[in-house]
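The primary structure of each chain is shown beneath.
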Amino acid sequence: MGTVYVSQEDAFIGKVDERLHVRFDKKTILDVPLIKVDGVVVLGRATVSPAVVFELLERHIPVTFLTTTGRYLGRIEPEVTKNLFVRKAQWQAIGESAQAIHVVQGFVRGKLKNYRNFLIRRQRETPGLDLSVNVTRLEQAIAPIETTKNINSLRGLEGAGSAAYFGCFDQLIRTTEFSFNHRVRRPPTDPVNSLLSFGYSLLRHDIQGAANIAGFDPYLGYLHCERYGRPSLALDLMEEFRPLIVDAVVLSTLNKQLLTKADFLTEPLSGAVSLTPEGRKRFLQQYGQKKQSEFKHPVLGRKCTYQEAFELQARLLAKYLMGETEKYPPLVLK
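About the cut-offs
- One numbering rule holds for all chains: residues counted from 1, following each sequence as written.
- Residue-level local features of this predicted model are given only where pLDDT is at least 70; pairs of side-chain atoms are given and counted only at 80 or more, and the full residue set underlies all totals for whole chains, interfaces and linings.
- As a rule here, side-chain values come from all non-hydrogen atoms in the structure, and water together with hydrogens is ignored.
- One side-chain nitrogen of Lys or Arg within 4 Å of one carboxyl oxygen of Asp or Glu is enough to make a salt bridge.
- Secondary structure counts use DSSP, requiring at least four H or I residues in a row for a helix and at least two E residues in a row for a strand, with both numbered from the N terminus.
- Relative accessibility under 20% of the residue-type maximum defines a buried residue, over 50% an exposed one, and the middle range a partly exposed one, all with a 1.4 Å probe and only protein chains included.
- Think of a polar contact as two N or O atoms within 3.5 Å of one another; within protein, one of them needs to be a possible hydrogen donor and the other a possible acceptor, and neighboring residues in sequence only count if both atoms come from side chains.
- For this analysis, residues touch if any pair of their heavy atoms sits within 4.5 Å.
- The definition of a nonpolar core used throughout is a set of buried Ala, Val, Leu, Ile, Met, Phe, Trp, Tyr and Cys residues joined through side-chain atoms within 4.5 Å.
- Strands are labelled as partners when DSSP assigns at least two bridges between them.
- As a rule, the C-alpha atoms of each element are fitted with a line to give its axis, helices using only the stretch in contact, and angles between N-to-C directions run from 0 to 180 degrees.
- Multiplying one less than the number of residues by 1.5 Å gives the expected span of a helix.
- Two rings from Phe, Tyr or Trp (for Trp, the six-membered ring) form a pair when their centres sit within 6.5 Å of each other. Planes less than 30 degrees apart are called stacked, planes more than 60 degrees apart edge-to-face, and all others tilted.
- For a Lys NZ or an Arg CZ to count as sitting over a ring, it must be within 6 Å of the ring centre and within 35 degrees of the ring normal.
- The cut-offs work like this: below 35 degrees is roughly parallel, past 145 is roughly antiparallel, 65 to 115 is roughly perpendicular, and the gaps in between are oblique.
- Just so you know the grouping, Ala, Val, Leu, Ile, Met, Phe, Trp, Tyr, Cys and Pro go in nonpolar, Asp, Glu, Lys and Arg go in charged, and all remaining residues, Gly too, go in polar.

A. Region of the structure containing the pattern of salt bridges. One pass over the full model with this rule turns up 12 salt bridges. Across the pair aspartate 31 and arginine 19 runs a salt bridge, and its minimum N-O distance is 2.8 Å. In this pair, aspartate 31 sits in strand β4 (residues 27–33) while arginine 19 sits in strand β3 (residues 19–24), placing the two residues 12 residues apart along the sequence. Put simply, lysine 291 and aspartate 206 hold a salt bridge, and the shortest N to O gap is 3.2 Å. Here lysine 291, found in helix α9 (residues 277–292), pairs with aspartate 206, found in helix α6 (residues 191–214); they are 85 residues apart in sequence, far enough to count as distant. Each member of the pair lysine 291 and aspartate 206 is classed as buried. Counted as one network, the salt bridges with shared partners bring together Lys111, Glu158, Glu239 and Arg242.

Spelled out as structure tokens, the structure:
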């Protein structure tokens, strides 16, 4: 099961014996053994019983609260891990240290290489699709990473690569019902941006949980600037996973026509676009399935799920910062 998503407004989340029990309108809408749950995400308004909160904390299972549009509100999570040494190493590397520069190079390289490989794979699979200009621009952003020793300059390369990638994202959508012009975040004002933002919110929940498990302070990052209330390290670790999970799910959902324009709502005043409750359930199902799909980890040489890879990458980062390995290897898949 992994993460349980509760998207029904005014649902009641309770506990029956050793099972998580969700009810709405006097009917059971979800009943799952707690042993299969490693996270709970509540979208919108729901009642969580004190017994459930106590049980989840006992089992070290975090609960994340998002709005129905995916905006992060907060978390209930167990006591921070007792591994002080990881957090000490994390703090010692802050700034323009050699370690910080190395991990930022890894985050940027992982993200941009996955962008490039994603485009190459789509071009190979789609007759008549020519993305060579955008692939070249991505390769031009990737080439200087190893010799760039300034974090702001690395951020510039990340920005240039992302612009090249999203510059052809519309060509990856194979249905005339949806289109994409450019990335719009706060708020997303079209269905494609709405799905991307919603997916990245879900991914943030998963990565932040993995960072906590590995012993990190998720708010102290290297690529993302320090800002009050922003989990910068979780956002750092997210980078290499964005195209592998969220972008892949968004395109798959649209291209298989699992969502139509009828599955989106527009807020009259702000123009913000969000999914309907039924559309949200379908997207959550696709995201959950993607997280549980398996691949061969290029560093460990064994099969794992993406859900497991979140924690694996966090632990590889911890090993590097603590001096147990010489490099941080970002997750790059072909």
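B. Quick peek at the side chain of histidine 205. The topology assignment puts histidine 205 in helix α6. Its relative accessible area of 4% is what places histidine 205 among the buried residues. Only 2.6 Å separates the side chain of histidine 205 from the side chain of threonine 64, close enough to count as a polar contact. Residues in contact with histidine 205, not counting those within four places in the same chain, are Thr3, Val40, Val41, Thr64 and Arg75.

C. Representation of the environment of lysine 291. Assessed through its relative accessible area of 1%, lysine 291 is described here as buried. Taking the C-alpha atoms as reference points, lysine 291 and valine 246, 45 residues apart in sequence, are found 9.7 Å from one another. Those residues in contact with lysine 291 that lie beyond four places of it in its chain are Thr3, Tyr5, Asp206, Thr305, Tyr306, Gln307 and Phe310. In this structure the side chain of lysine 291 is engaged in a polar contact, spanning 3.2 Å, whose partner is the side chain of tyrosine 5.

D. How the structure looks around the nonpolar core. The biggest cluster of nonpolar side chains holds 86 residues, and the ones touching the most others in it are Phe169, Leu203, Phe216, Leu237, Leu317 and Leu321. Apart from the residues lying within four places of it in its own chain, the contact partners of phenylalanine 216 are Val86, Arg87, Gln90, Ala211, Leu233, Ala314, Leu317, Ala318 and Leu321. In this structure, Ile13, Val37, Leu56 and Ile61 belong to the second largest nonpolar core, which totals 15 residues.

E. The pairing of strand β5 (residues 37–43), seen in detail. Of all seven residues in β5, six are buried; the element is thus mostly enclosed. Pairing of strand β1 (residues 2–6) with β5, which is carried by five bridges, proceeds in the parallel orientation. Pairing of glycine 2 across the sheet is with valine 37, part of β5. Two elements, β5 and strand β7 (residues 63–66), share four bridges in a ladder whose sense is parallel. Bridged to valine 41 within β7 is threonine 64.

F. Broad picture of the sheet that holds β7. The strand order β1-β5-β7-β8 describes an open sheet built from four strands, whose pairing is mixed. Because the sheet does not close on itself, it has two edges, and the strands there are β1 and β8 (72–76). Taken over all neighbouring pairs, the strand axes of this sheet differ in orientation by 20 degrees on average, direction set aside. Pairing between β7 and β8: four bridges, direction antiparallel. Counterpart to valine 63 in the pairing with β8 is isoleucine 76.

G. α9, seen in detail. Look at α9: 23 Å from first C-alpha to last across 16 residues, which is about the 22 Å you get at 1.5 Å a residue. When α9 is considered as a whole, its buried residues turn out to be Gly279, Arg280, Phe283, Leu284, Gln286, Tyr287, Gly288 and Lys291.

H. Structural detail: the sheet that holds strand β6 (residues 46–48). Reading across from one edge, β4-β3-β2-β6 is the order of the four strands in this open sheet, with mixed pairing throughout. On the outer flanks of this sheet lie β4 and β6, each paired with one strand and no other. Adjacent strand axes in the sheet meet at a mean angle of 20 degrees, parallel and antiparallel pairs treated alike. Packed on one face of the sheet, helix α1 (residues 50–58) meets β2 (11–16), β3 and β6 and runs near 60 degrees to β2.

I. Structural detail: the side chain of serine 274. Take serine 274: it is sitting in strand β10 (residues 273–275). Since its relative accessible area comes to 14%, serine 274 is described here as buried. Ignoring anything within four residues of it in the chain, the contact list for serine 274 reads Thr69, Ser194, Asp263, Phe264 and Leu265.

J. Quick look at the packing of aromatic side chains. One pass over the structure, following the stated rule, counts 14 aromatic pairs. Taken together, a centroid distance of 5.0 Å and an interplanar angle of 80 degrees make the contact between phenylalanine 241 and phenylalanine 310 edge-to-face. You can see phenylalanine 241 sitting in the loop between α7 (232–238) and α8 (242–255) and its partner phenylalanine 310 sitting in helix α10 (residues 306–321), a full 69 residues away along the chain. With respect to burial, phenylalanine 241 and phenylalanine 310 carry one shared label: buried. Among the aromatic side chains, those forming a connected cluster through ring pairs are Tyr115, Phe118, Tyr165, Phe166, Phe169 and Phe180. Geometry around tyrosine 200 places arginine 242 over its ring, the cationic atom sitting 4.5 Å from the centre.

K. Representation of the packing of helix α3 (residues 98–125) against helix α5 (residues 151–166) within the structure. Contact geometry for α3 and α5: axes closest at 10 Å, N-to-C directions at 10 degrees. When the axes of α3 and α5 are compared, the pair comes out roughly parallel. Contact residues: Ala100, Ile101, Val104, Gln105, Val108, Lys111, Leu112, Tyr115, Phe118 and Leu119 in α3; Ile151, Leu154, Leu157, Glu158, Gly161, Ser162, Tyr165 and Phe166 in α5. A per-class count over the contact of α3 with α5 returns 13 nonpolar, three polar and two charged.

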